[in-house]
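One letter stands for each residue in the lines below.
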Amino acid sequence: MKKITPLVLSSILLLGTVACDNNAKTSSSAPDSTEKTGEVPTDKTILANKKDATSQVRRDQLNADIRAREQRNNVSGGSTNRANSDLASEVRSKLEANIPSGQLTVAAKDGAIVVAGTVQNQDQLNKIDALAKEIKGVKSVKVAVKIATATPNPKQ
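This is a predicted model, so every value here is computed, not measured.

1. Remarks on the packing of helix 4 (residues 84-98) against helix 5 (residues 122-133)
Running from N to C, helix 4 and helix 5 point in directions that differ by 135 degrees, and their axes come no closer than 9 Å. Considering their axes alone, helix 4 and helix 5 lie oblique with respect to each other. Considering how the two elements wind past one another, helix 4 and helix 5 form a crossing that is right-handed. Here helix 4 contributes Val91, Lys94, Leu95 and Asn98 to the contact with helix 5, which in turn contributes Lys127, Ile128, Leu131 and Ala132. The class makeup of the residues in the contact of helix 4 with helix 5 is five nonpolar, one polar and two charged.

Structure below.
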């Protein structure tokens, strides 16, 4: 039993480390890392993402998530030094609520935010920096996002 316990504990820690390494994404079709900009979305993908992000239920979830994170941060002393995953998730929620047709991936490290992916127009691209900086704890924002207009669905 004494030999199995460290094995089980180390397995759980390894799984937790791998699970926590995920980047926050605004949609399932967003790129998997901030090193990629993603593919040009199809009309169908944009409509599905926009429908989900603009639904009242989803907007309420995003706003509640942002409020809860801010309240937890304020209760814990209001520190601007926040966990990378918490910061990335909160920025992702903010971007998803305000840029519903974007396909964005957000990563954070020590208050530095990197946003990658695609948006539909210049106005959406211009919003990213300001929206990310509204989140407490964001020190800098690197925007590696491209403007990609939708392509029609390929015939099947």
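Okay, back to it.
2. Let's talk about the pairing of strand 2 (residues 103-109)
Extensive coverage of strand 2 is indicated by the burial of six of its seven residues. Hairpin connection of strand 2 to strand 3 (residues 112-119): two residues between the antiparallel strands, including Asp110 at a positive phi of 55 degrees.

3. Here's the deal with helix 4
In this model helix 4 runs 21 Å from its N-terminal to its C-terminal C-alpha over 15 residues, within 8% of the 21 Å that 1.5 Å per residue would give. The element helix 4 is extensively covered by neighbouring structure, given that eleven of its 15 residues are classed as buried. Turning to helix 4, its buried residues are Leu87, Ala88, Ser89, Glu90, Val91, Arg92, Ser93, Lys94, Leu95, Glu96 and Ala97.

So, how was this worked out
- Chains are numbered independently. Their residues run from 1 in the order of the written sequence.
- Local features in this predicted model are restricted to residues of pLDDT 70 or higher, and side-chain atom pairs are both shown and tallied only at a pLDDT of 80 or more, whereas totals for entire chains, interfaces and linings draw on every residue.
- Based on all heavy atoms of the structure, the side-chain values leave hydrogens and waters out of the count.
- Where helices are involved, their axes are fitted lines through C-alpha atoms of the stretch in contact, as for all axes, and angles between N-to-C directions lie from 0 to 180°.
- Strands here mean DSSP runs of E at least two residues long; helices mean DSSP runs of H or I at least four residues long; both are numbered from the N terminus.
- Small angles under 35 degrees read as roughly parallel and large ones over 145 as roughly antiparallel, with 65 to 115 read as roughly perpendicular and the rest as oblique.
- Crossing handedness follows the turn of the near helix against the far one: under a right angle anticlockwise gives a left-handed crossing, and clockwise gives a right-handed one.
- Here a residue-residue contact requires only that any non-hydrogen atoms of the pair lie within 4.5 Å.
- Residue classes follow a fixed rule: Ala, Val, Leu, Ile, Met, Phe, Trp, Tyr, Cys and Pro count as nonpolar, while Asp, Glu, Lys and Arg count as charged, and any other residue, Gly among them, counts as polar.
- Only protein chains enter the accessibility calculation, which uses a 1.4 Å probe; a residue whose area is less than 20% of its type maximum is buried, one above 50% is exposed, and one in between is partly exposed.
- Note on pairing: two strands pair once DSSP finds at least 2 bridges between them.
- Multiply 1.5 Å by the residue count of a helix minus one, and that product is the helix's expected span.

The values reported here are purely geometric and, on their own, carry no functional implication.
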